[in-house]
Structures are given as C-alpha cells and as structure tokens.
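Notes for the structure review
Now for the letters of each chain:
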Amino acid sequence: MTRILIVEDEPRLRQDLGDFLELRGFEVTRAGTARDMRSALADDPVPAVILLDVGLPDGNGFDLAAEIRQSHDCGIIMLTAFGDSADRVRGFDSGADIYLVKHSTLREIEAALRSLLRRTGNLPTTEGSDKGRWVLDTANWALIAPDGQALKLTATEFAFLNLLCHRQGEACAREDLVTALARPHGHFDNRHLDAVVSRLRRKIGRATGLPSAIKVVYGVGYTFTASVVVE
Ligand code: CA
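Rules of the game
Along each chain, residue indices are assigned from 1 in the same order as the chain's sequence is written. Two thresholds apply to this predicted model, a pLDDT of at least 70 for residue-level local features and 80 or more for giving and counting side-chain atom pairs, whereas whole-chain, interface and lining totals are computed over all residues. Hydrogens and waters are ignored; side-chain quantities use all the structure's heavy atoms. Helix and strand labels come from DSSP, where a helix needs a run of H or I of at least four residues and a strand needs a run of E of at least two; each type is numbered from the N terminus. Exposure is judged per residue with a 1.4 Å probe applied to protein chains only, and the accessible area is read against the type maximum: over 50% gives exposed, under 20% gives buried, and values in between give partly exposed. The contact definition used throughout considers only heavy atoms, calling two residues in contact when any of these lie within 4.5 Å. In short, Shrake-Rupley with a 1.4 Å probe defines the accessible areas, and a residue's cover is counted only from the protein chains shown. We count Lys and Arg on the positive side and Asp and Glu on the negative side, and we leave His and both chain ends out. By convention, charge coordinates are those of NZ in Lys, CZ in Arg, CG in Asp, or CD in Glu. Side-chain rings of Phe, Tyr and Trp (the six-membered ring for Trp) are treated as a pair once their centres are within 6.5 Å; stacked means planes under 30 degrees apart, edge-to-face means over 60, and tilted covers the remaining angles. Only nitrogen, oxygen and sulfur atoms count as donors, using a 2.8 Å cut-off from the metal that widens to 3.2 Å for Na, K and Ca. Water is left out, so coordination shells may look unfilled. The term polar contact refers here to a pair of N or O atoms within 3.5 Å; inside protein, the definition further demands a hydrogen-donor-capable atom paired with an acceptor-capable atom, and it admits residues adjacent in sequence only when both atoms are side-chain atoms. To estimate how far a helix should reach, multiply one less than its number of residues by 1.5 Å. The arc in question is formed by the directions pointing from the helix axis toward the C-beta atoms. One bridge is not enough; two strands pair if DSSP finds at least two bridges between them. Fitted lines through C-alpha atoms serve as axes, helices being fitted only where they are in contact, and the angles separating the N-to-C directions of these axes extend from 0 to 180 degrees.

A few points about the overall build of the chain
Looking only at helices and strands, one finds 8 helices and 14 strands in the chain. Projected onto its principal axes, the C-alpha positions of the chain cover 65 × 35 × 30 Å. Each of the 231 residues in the chain was classed as buried or not, and the buried ones make up 46%. Taking the intrachain contacts of the chain between residues at least 6 apart in sequence as the baseline, contacts between residues at least 24 apart amount to 57%. For the chain, the accessible surface area stands at approximately 11,600 Å², while carbon and sulfur atoms represent 51% of it. Charge-centre separation for the chain: the mean point of 28 positive side chains lies 9 Å from the mean point of 32 negative side chains.

Observations concerning the packing of aromatic side chains
What the rule picks out here adds up to 3 aromatic pairs. Ring plane angle 90° and centroid distance 6.2 Å describe the contact between W134 and F224, whose orientation is recorded as edge-to-face. With W134 in strand β8 (residues 134-137) and F224 in strand β13 (residues 221-224), this residue pair connects regions lying 90 residues apart in the sequence. Here the two residues W134 and F224 agree in accessibility, since each one is buried. Measuring from centroid to centroid gives 5.3 Å for W141 and F158, while their planes differ by 15°, and the two rings are stacked. Here W141, found in the loop between β8 and β9 (142-144), pairs with F158, found in helix α6 (residues 155-166); they are 17 residues apart in sequence, far enough to count as distant. Relative accessible area serves as the criterion here: at 37%, W141 is assigned to the partly exposed category. Its relative accessible area of 9% is what places F158 among the buried residues.

What to know about the coordination of the calcium ion
Ligation of the calcium ion by protein atoms is provided by D9 (OD), D53 (OD) and G55 (O), these donors lying 2.2 to 2.3 Å from the ion. Sequence positions of the donors to the calcium ion reduce to the motif D-x43-D-x1-G. Here the residue D9 occupies a position in the loop between β1 (3-7) and α1 (11-23), and G55 occupies one in strand β4 (residues 55-56), the gap between them amounting to 46 residues. Given a relative accessible area of 41%, G55 falls into the partly exposed group.

Let's talk about the side chain of D137
By the secondary structure assignment, D137 is in strand β8. At 2.8 Å, the side chain of D137 and the side chain of N140 are in polar contact.

Description of helix α8 (residues 190-208)
Taking 1.5 Å of rise per residue, 19 residues should cover 27 Å, and α8 covers 27 Å from first to last C-alpha, within 8% of that figure. Among the residues of α8, those classed as buried are L193, V196, V197, L200, I204 and T208. Taken end-on, α8 shows its buried residues confined to a sector of 95°, consistent with a single buried face. The outward face of α8, more than 90 degrees from its buried face, is lined by the exposed residues R191, R202 and R206.

Regarding the sheet that holds strand β12 (residues 214-217)
Backbone hydrogen bonds hold the strands of a sheet together, and the pairing may be parallel or antiparallel. Pairing in this open sheet of 3 strands is antiparallel, and the strands run β11-β13-β12 from one edge to the other. What marks the edges here is a single partner per strand, and that holds for β11 (172-173) and β12. Two strands pair when backbone bridges link them, and β12 and β13 are joined in this way by 4 bridges, in the antiparallel orientation. Each bridged residue has a counterpart across the sheet, and for V217 the counterpart in β13 is G221. Strands in contact with α6 are β11, β12 and β13; relative to β13, the strand with the most contacts, it is inclined by about 70°.

Focus on the environment of A112
Checked against the element boundaries, A112 lands in helix α5 (residues 106-119). Along the backbone, A112 and I98 are 14 residues apart, and their C-alpha atoms lie at a distance of 7.5 Å. The contacts of A112, once residues within four sequence positions are left out, are I77, I98 and L100.

Pasting the structure below:
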C-alpha cells in the first residue's frame, strides 16, 4: 500500500483528509506538529508523499520541506491557506513538488497526489484496491490503462468516456450520450454514437491488448464495467 504522511495541526482537517485517503486505499500516518513529523520520519518507513501544512505551531512548511529534501526521498505536496504567488514560488524553491491551497477539495488533493505518484513511479497499479483500475485523466484528455499506458483521446471520445466514467457501473442512456457528444448545430445521432464507440473500443484494444471495459447495455446505451478513477 502507498504510504502517505499528513502533517497538519488543524485536527479536523487532519482527520478528514486522513480518513478520506484511507478510504481511497492509502496507508496514512498523521502528524500534528513538526516534531511529530520528524519522529514519524525517523520511526516509520519513508512515506511516498508528505502532505505538508505551511503553518505549524513549531515550524513552517517551507523550512520543513527543505529539511525533508536533505534526508528523505519522497514527494512533497504543500498545503497552505494562502494562495499568493510569492508563497507558491517559495514553496517550490523549498522543494515542494506541488503547491495547493487549502480550499482545494479532497478530490482535488487526491488527484494531485495520484498525479505526483504516477510521475514518481510510486503508484501501484497491480496491487490492492488499484488492481485493474483505469484512470480518466481530465487534464490531458487521456485514458490510462491499469498497466500505466496512456491513450490520447479525441474531444468526442473524451466527452463519451467522461460521462460513462462519472457514472461508473451504471448504464448511460443513448439519448444522454448523444446530447453530450453533439456539437452545437451539428448533426449527431445513434449511428454516429455507435461509430465513435466502436472506433474507441478498437483503439483501446489495440493499444492495451485488454478487453474493452465499454459494454453495450441493450435497449439502454453503454456502460464502463471496470474500476475507473476520474481525475
Ligand atoms: Ca496550520
């Protein structure tokens, strides 16, 4: 399991974030002070990523990030209440990989975390709850196969998968899909939809060698049957 260390002095935020990440399949250690962070780093296995609050009662995240960088090889996501760009630059200078403001949603924090883990090769895709999981990357319009292979999508393919993956496991009605895929004033109907889907399924099959998770639901529309995360 991927280990994450949360360093945050607000108990509520520390708990919410920790609970959420545990639910999402991470192993979470929590620290409320710089001192706790140091002892966690000394005693426990090195975390893959540290979520680091800038304002701690006994230290600040900028100094701590620089300190961590000297002794530990792990990702650092800095969390701050402030959003100004001077802080952001300071965050990166001190060694943070990602800088997030605290009003980011838990989903946004998770997405940043996964993207960092993917970049550092620390995202296990073949064990635990990640087994067989696909990722729809909304920033890059890509579908990432469970083996980490990324597939570039066209605008239409992305719109189709975006709707399907948001309703993972449920059937999406043809009418909804046609509406989502039609451009303003353009003509788009069921036949176009089927053509897009069959092209996409072939494309996925060719690139990954995996059976396509896009299935026909007769009389209704389509569904995505595999586990998928939208980020
Ligand atoms: Ca704080």
